[in-house]
Amino acid sequence: MKRNMESTKKYLVDVKGLKTYFPIKRGLFSRVVGHVKAVDGVSFKIQAGKTLGLVGESGCGKTTVGRTILRLINATDGKVTFDGSDVFGLPSKEMRKLRCDMQLIFQDPYSSLNPRMTVANIVGESLTAHKMATGRQRRKKVAELLERVGLSPHHSSRYPHEFSGGQRQRIGIARALALDPKFIVCDEAVSALDVSIQSQIINLLQDLQDEMSLTYLFIAHDLAVVEHISDYVAVMYLGKIVEYTSSRELYKNPLHPYTRALMSAIPMPDPHRRQQRIVLGGEVPSPSNPPSGCPFHPRCPMAEQRCSVEMQELKQQGDGVEHIVACWKCKEWNT
Amino acid sequence: MAETILMNDNDVLLSIRDLSVTFHTDEGLVRAVNGVSYDVCAGKTLAVVGESGCGKSVTALSVLRLIPDPPGKIAGGEILFRGTDLVTADEKYMQSIRGNEIAMIFQEPMTSLNPVYTVGDQIVEAIEQHQDKKGPAAWSHAVEMLKQVGIADPEQRVMEYPHQMSGGMRQRVIIAMSLSCDPSLIIADEPTTALDVTIQAQILELLRDLQKKNNMSVVLITHDLGVVAENADDVVVMYASRIVETGDVAGIFDDPLHPYTQGLLRSLPRVGSVQERLEVIGGTVPDPLAFPDGCKFHPRCPIGSDEPRCMTVEPELREVKPGRCSACWYTPGYETKEEFELYETKYGKHKEISG
Amino acid sequence: MSKTIKQHTDWGVSYGEMVSREFFKNRLNVVSLVFIIFLFAIAVFAPFIANDKPLVIRIDGELTFPLLRNLNAVDYSVFLAAIVGLFQIWLIRRNKKRVNPTRRGEVLSRQIMINAFVLVAGIVFIFVSLDKRLDATNYKRMVESKKATGAVFPLVPFGFERTDLAVREQGPSAEHWLGTDDVGADVLCRLIHGSRISLSVGFVAVGISSVIGVFIGAILGYFGGKVDFIGMRFVEIMMAIPTFFLIITIVAFFPRSLLNIMIIIGVTKWTGDARFIRAEFFRLRGQDFVQAARALGLPLRSLLFRHMLPNGIAPVLVNATFGIAGAIFIEAALSFLGFGVAPPTPSWGQMLSLGVGTTGRFLWWLSLFPGLAIFLTVTAYNLVGEGLRDAIDPRLRKAA
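All values derive from a computational prediction rather than experimental measurement.

Caption draft 1: Examining the overall build of chain C more closely. Looking only at helices and strands, one finds 18 helices and three strands in chain C. When its C-alpha atoms are laid out on the principal axes, chain C stretches across 80 × 60 × 45 Å. By residue count, 45% of the 400 residues in chain C fall in the buried class. Restricting the contact set of chain C to residue pairs at least 6 apart, pairs at least 24 apart contribute 72%. Entry remark: accessible area of chain C is about 20,800 Å², with carbon and sulfur atoms responsible for 69%.

Caption draft 2: Layout of the sheet that holds strand β1 (residues 56–59) of chain C. Residue and element names in this part refer to chain C. The strand order across the open sheet built from three strands is β2-β1-β3, with neighbouring strands paired in antiparallel fashion. Looking at the sheet topology across the chains shown, the edges are occupied by β2 (62–64) and β3 (148–152). Averaged over all adjacent pairs, the angle separating strand axes in this sheet is 15 degrees, with direction ignored. Of the strand pairs in this sheet, β1 and β2 are connected by three bridges, and their pairing is antiparallel. Note on β2: the bridge partner recorded for isoleucine 57 is threonine 64.

Caption draft 3: Representation of the domain arrangement of chain B in the model. Partitioning chain B into structural domains gives domain 1 (112–180) and domain 2 (259–347). Taking only C-alpha atoms into account, the centre of domain 1 of chain B sits 45 Å from that of domain 2 of chain B.

Caption draft 4: Inspection of the confidence of the model for chain B at higher detail. Here chain B shows a mean pLDDT of 86. Residues at 70 or above account for 96%. Long-range and interchain partners of residues 1–8 of chain B, a stretch whose pLDDT sits below 50, account for 20 contacts in this model, where long-range means more than four residues apart.

Caption draft 5: Looking closely at the interface of chain A and chain C. In this complex, chain A contributes 34 residues to the contact, which on the side of chain C involves 29 residues. Carbon and sulfur atoms supply 51% of the area that chain A and chain C bury against each other, a total of about 3,000 Å² over both sides. Seen at the junction of chain A and chain C, the total is two salt bridges. Between C:Arg306 and A:Glu125 there is a salt bridge whose closest N-O contact spans 2.7 Å. Our count for the contact surface shared by chain A and chain C stands at 23 residue pairs in polar contact (both at pLDDT 80 or more). At five residues, helix α3 (residues 119–129) of chain A tops the list of elements feeding residues into the side of chain A that touches chain C. Along the lines of polarity and charge, the residues of the side of chain A that touches chain C split into 11 nonpolar, 12 polar and 11 charged.

Caption draft 6: Examining the interface of chain A and chain B more closely. Each partner contributes residues to the interface: chain A has 43 residues there, and chain B has 48 residues. Across the chain A/chain B interface, buried area totals approximately 3,900 Å², and carbon plus sulfur atoms make up 53% of it. Where chain A meets chain B, there are one salt bridge. Close ionic contact of B:Arg277 with A:Asp207 constitutes a salt bridge, the shortest N to O distance being 2.5 Å. Counting across the chain A and chain B interface gives 12 residue pairs in polar contact (both at pLDDT 80 or more). When contributions to the side of chain A that touches chain B are tallied by element, the ones reaching two or more residues are α6 (195–212), α7 (223–229), α8 (247–252) and α9 (257–265) of chain A. When residues in the side of chain A that touches chain B are grouped by element, the largest group, nine residues, is from α6(A). For the side of chain A that touches chain B, the residue count by class is 16 nonpolar, 14 polar and 13 charged.

Caption draft 7: Fine view of the environment of C:Leu80. Residues and elements named next belong to chain C. Mapped onto the elements, leucine 80 comes out in helix α6 (residues 73–98). In sequence terms leucine 80 and glycine 122 are 42 residues apart; their C-alpha atoms lie 7.4 Å from each other. With sequence-adjacent residues up to four places away left out, leucine 80 is seen in contact with Val118, Leu119, Gly122, Ile123 and Ile126.

Caption draft 8: A nonpolar patch on the surface, seen in detail. Residues C:Val356, C:Phe362, C:Trp364, C:Leu368, C:Leu372, C:Phe375 and C:Leu376 make up a contiguous nonpolar surface patch of roughly 720 Å² in combined accessible area. Of note, C:Leu368 is situated in helix α18 (residues 364–399).

Caption draft 9: Up close: the state of the cysteines. Residue and element names in this part refer to chain A. Counted under the stated rule, the structure contains zero disulfides over all chains. Between cysteine 60, a cysteine without a disulfide, and cysteine 294, which holds the nearest cysteine sulfur, the sulfur-to-sulfur distance is 14 Å. With a relative accessible area of 3%, cysteine 60 lands in the buried category.

Caption draft 10: Examining the confidence of the model for chain C more closely. Residues and elements named next belong to chain C. Per-residue confidence for chain C gives a mean pLDDT of 86, with 96% of residues at or over 70. This model gives residues 1–6 a pLDDT under 50, and the stretch forms zero contacts once residues within four places in sequence are excluded. With pLDDT under 50 throughout, residues 396–400 is counted as low confidence; its partners more than four residues away or in other chains account for five contacts. As a predicted assembly, this complex carries a pTM of 0.86 together with an ipTM value of 0.86.

Caption draft 11: Highlighting the side chain of C:Asp228. In this structure, C:Asp228 sits in helix α10 (residues 225–240). When neighbours within four sequence positions are excluded, C:Asp228 is seen to be in contact with C:Leu220, C:Arg278 and C:Phe282.

Caption draft 12: Local environment of the pairing of strand β10 (residues 242–248) of chain B. Residues and elements named next belong to chain B. Here β10 lies mainly inside the structure; six of its seven residues are buried. As defined by bridge partners, strand β9 (residues 234–239) adjoins β10 across six bridges and the pair is classed as antiparallel. Looking across to β10, one finds that valine 235 is bridged to glycine 247. Hairpin connection between β9 and β10: a loop of two residues separates the two successive antiparallel strands, and alanine 240 in this loop has a positive phi of roughly 50 degrees. Pairing of β10 with strand β12 (residues 324–326) involves two bridges; the strand directions are antiparallel. By the bridge assignment for β12, glutamate 245 is matched with serine 326.

Caption draft 13: How the structure looks around the nonpolar core. Core analysis: the biggest nonpolar cluster contains 63 residues, and A:Ile173, A:Leu177, A:Leu205 and A:Phe218 have the highest contact counts within it. Counting residues per element, this core draws most heavily on α6(A), which supplies seven residues. If you look at the next biggest cluster of nonpolar residues, it comprises 42 residues, including C:Ile36, C:Ala46, C:Ala50 and C:Ala314.

Caption draft 14: Representation of the packing of aromatic side chains in the model. Tallied over the entire structure, the rule returns 23 aromatic pairs over all chains. Measuring from ring centre to ring centre gives 5.3 Å for C:Tyr222 and C:Phe223, while their planes differ by 90 degrees; the resulting arrangement is edge-to-face. Of the aromatic side chains, those joined through ring pairs into one cluster are C:Phe45, C:Phe48, C:Tyr76 and C:Phe79. Positioned above the aromatic ring of A:Tyr11 is the side chain of A:Lys45, whose terminal nitrogen or guanidinium carbon lies 4.9 Å from the ring centre. The residue whose ring lies beneath C:Arg233 is C:Phe229, and the NZ or CZ to ring-centre distance is 4.7 Å.

Caption draft 15: Representation of the sheet that holds β9(B) within the structure. Residues and elements named next belong to chain B. Overall, mixed pairing links the eight strands, which are arranged β6-β7-β8-β3-β9-β10-β12-β11 in an open sheet. Since the sheet does not close on itself, it has two edges, and those belong to β6 (102–105) and β11 (318–321), each with one partner. Within this sheet the neighbouring strands show an average axis-to-axis angle of 20 degrees, counted without direction. Along the sheet, helix α10 (residues 259–266) makes contact with β9 and β10, crossing β9 at roughly 100 degrees.

Caption draft 16: Structural context of helix α4 (residues 135–148) of chain A. A rise of 1.5 Å per residue sets the reference length of α4(A), with its 14 residues, at 20 Å; its end C-alpha atoms lie 20 Å apart and thus fit the reference within 8%. Within the sequence span of α4(A), burial applies to A:Arg138, A:Val142, A:Leu145 and A:Leu146. Angularly, the buried residues of α4(A) cover 95 degrees about the axis, an arc narrow enough to put them on a single face. Exposed residues pointing more than 90 degrees away from the buried face of α4(A) are listed as A:Arg136, A:Gln137, A:Lys140 and A:Glu147. Buried residues in α4(A) make contact with α3 and α5 (165–177) of chain A together with α7 (101–129) of chain C. Directly after α4(A), the chain includes A:Gly150, whose backbone phi takes a positive value near 85 degrees.

Caption draft 17: Broad picture of α7(C). For α7(C), built from 29 residues, the straight-helix expectation of 42 Å at 1.5 Å per residue is met to within 8% by its first-to-last C-alpha distance of 41 Å. Looking only at α7(C), the buried set comprises C:Pro101, C:Thr102, C:Arg104, C:Val107, C:Gln111, C:Asn115, C:Gly122 and C:Ile126. Contacts from the buried residues of α7(C) go to α3 and α4 of chain A together with α2 (15–25) and α6 of chain C. Near the N-terminus of α7(C), the side chain that reaches the backbone nitrogen of C:Thr102, with its oxygen 2.8 Å away, is that of C:Asn100.

Here is what the cut-offs are and how they apply
Residues numbered from 1 in each chain as written. Chains lettered and ligands numbered in written order. Predicted model: local features only at pLDDT ≥ 70, side-chain atom pairs only at ≥ 80, totals over all residues. Heavy atoms only, no water. Helix = DSSP H or I, 4+ residues; strand = E, 2+ residues; numbered from the N terminus. Buried < 20%, exposed > 50% of the residue type's maximum accessible area, 1.4 Å probe, protein only. Contact = heavy atoms within 4.5 Å. Areas by Shrake-Rupley, 256 points an atom, 1.4 Å probe, with all protein chains shown as cover. Pairing = 2+ DSSP bridges. Axes fitted to C-alpha atoms, helices over the stretch in contact; angles between N-to-C directions. Domains from an automatic or database assignment. pLDDT = per-residue confidence, 0-100. Buried area = accessible area lost by both parts, 1.4 Å probe. Salt bridge = Lys/Arg side-chain N within 4 Å of Asp/Glu carboxyl O. Polar contact = N/O pair within 3.5 Å; in protein donor to acceptor, adjacent residues only side chain to side chain. Nonpolar A, V, L, I, M, F, W, Y, C, P; charged D, E, K, R; others polar. Patch = residues over 30% accessible without salt bridge, like charges linked within 9 Å, V, L, I, M, F, W, Y side chains within 5 Å. Disulfide = S-S within 2.5 Å. Core = buried A, V, L, I, M, F, W, Y, C linked by side-chain atoms within 4.5 Å. Phe/Tyr/Trp six-rings, centres within 6.5 Å; stacked < 30°, edge-to-face > 60°. Lys NZ or Arg CZ within 6 Å of the ring centre and 35° of its normal. Expected span 1.5 Å × (residues − 1). Arc of directions from axis to C-beta.

In structure tokens form, the structure reads like this:
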């Protein structure tokens, strides 16, 4: 959120060197012949009450990052500290308790709700499971949640198939809010919605953040949406973060050639600005066999010999706002 | 019904007139397309914009008569392609049109290719169907087509199966296939929705280049206003199975007339803008089984939600200034003098509209 | 009244209701279902339809009810089961109108638990408290010899155990509508009592196989990995064995009882269900709503039984309907070969085998009528299965 809050600099989520590899198995006895390096050494921190946007194209590992932090997928390496506790080190009983504090909102409003359950059960099931409310108390809480996300409590005895995509997304949000979480991973939460509904949901997410002082990890491929909702943005390419800075700085001064290409590829709703864009050649390489050196070098217009051998580490650029980039050439580009 | 919609003097290649399409479902009759008219001019790109379920795809599918029947049915109107009405044309004629004169590109590059044949087989099949080329001639034509759509190493790629290719590559193959018979019109139904932005930029650029080179017309169906702004010459905005506004692309974006178009443009998050909150069109897209009375947009409309006329009388699409049509009582210049007076005697003074 | 109606408009239409609407749209489905219900009615009321004991008889001026007196523990258990079953169906219909969909699952499982308890306890009580009575009195002869008067016999006045060598191997006649068998028992009577065997074999065997199949499939599908690898090899081994010959071999070793046959069919026929459930669970495991349930910290029990099973059970239900038809068929085949239930207990397959009489004469009525009964029952079940599958399929594509 681009609002002036007193930045207490308290980090709610701290991700260090996160790696998630999926083994590739072949043959009769499922021998491991290689790994898909979906997430390959990702580190970031999110301040309490702020939003970090995570952008990248499909297959760059952004969804895997979100699910690994929530321990829905097992990490290969790295450490995630949430509110002082080590997420991967917790025994399963305490992990269940921690799950109350971190939630997930999904992309597809159709597959993310159990079609056999009524709205009241979808939203309220976790309250029962964590013994937070039962009976009348639960009904009251569910009604409150539904009203808060802009639905009527009359809807609580209906099934998901009786709602439109936008309404379903609201139900998904109500479910995530039921346990009063501190942190929500929004995994492409508005990508599947119609344009006029998308803005409704974005506003709702922002209002909820203000009211409940939530912290978001907002994962999306749409740079315009991410830029609108986030305080900070991390750009991912092939399992690695290539650029990280505040969202305004990213728009004003994108430094990594991939970020620049991504920005210029966004179609602008303005017919007078049919810009000369940097159209990237080629496609995203397979994460099972990433290129050597900088993963972006085969598509990069600036690449030179060094880029194919070694990748630059994430480095602070300039001395103003926090702006870290992993590129050898970004300084030259700038001048 | 309104007669001419787009005031272009160029040759009109495809002209849809007052088209209505209905679907019989278990829950009742759905009017998916209701009195839609638009013209596509030779060599131009017409974008049809709208949200899911507004009837934009159904309109396009009915041009090729690809509506599943039953439950779908073209209930009325005509589709004139080079002067021939495709609604009443026989199936044999349609076969000669499909893929030959008019080609279609679908949204999902994963499912619009048959997984059990190589891409070469599929392109060659289209070529042999419509052209005199057979065997090796058709194959070399297929390779040529793949080269044209920017596929590296086409001699090799032509032997590959769809699953060996990435999404962007497959969409290129589909474009190659649809271009193989040199069509004069391409209907692209959300051609880049399933693709990443950088790939989308590649594909749209390719389409623009090929269109210029072959002097084709394109009907671009999309929900993405950015794609419209960068690619279209003319724009048709649809809402709830009807057209609410038409015009040239600059006009639509600079001076949207219909409250729906205005709301849509305002609700977009834009890169680099500093707005705190997005403006919102309230409510949800209406259920096609229970469209509201009067103007179908009135329950979500900032003007019409409490206007007695908007709630009861549906405004037709009218030309309000040269080249611009709108279907809203409150578009300046929409009402005739008689209607203006009739309204004032019936309901009292008109509402003041700011902005 | 108006208040309740207003409330109900807020209630959603559940998946079950949508499927049943779809199912009842097809007339053939309804006909098949009615036929199966008719069969059930016959099976339940068999002692009242075909019995050599009169309903009412006056012996020495005293009014007695020999038929009722002669009902055994099995009969009473069947009546109890029928009553509990009907009550449960009535409850389900009532729930649809009275119970909020949100609480319906809870209420239903409580009802089923209570009813199942009542049923089991009732059956135990019946078997413990009821003495075996053997009433060998020949009431017909008493009527003929004018010892008794005012006798009201059931529609088919023969007992299935009663033999009469004087009328053996006779074709259909006014007295024996469908003829008699090799020991002079009435074919119609045995056909009616045989329906109990066929229907119960179908239900119990499929019940056993479904429970085993769902359980194993769920474990393989949810845990995957090594568990799945080893488990699937076991399933494949089970599938490679020709079931029918396995059953014949096992039946040859164990006493020829109906229960044994049910159990044997049940423990050999679960592989299909296991594979269905495993595949469904694999699919469901990756679905967002299951991931959401995990993220909410819900316990494994809830994940498996509230989120995954209800969404994956549809193919098992369809398969169960076909399975009932299959089990009826296997039982008939076993009995035909002489491995089934031992006479005098009637079974359709066993009757079929009597078609070639003791003298080598072909007794067509002994082949035709039991054969027809098997054919119609199996067909009805298969049609219901097809109908169920069609009713579920389009919804599956849309909803899940």
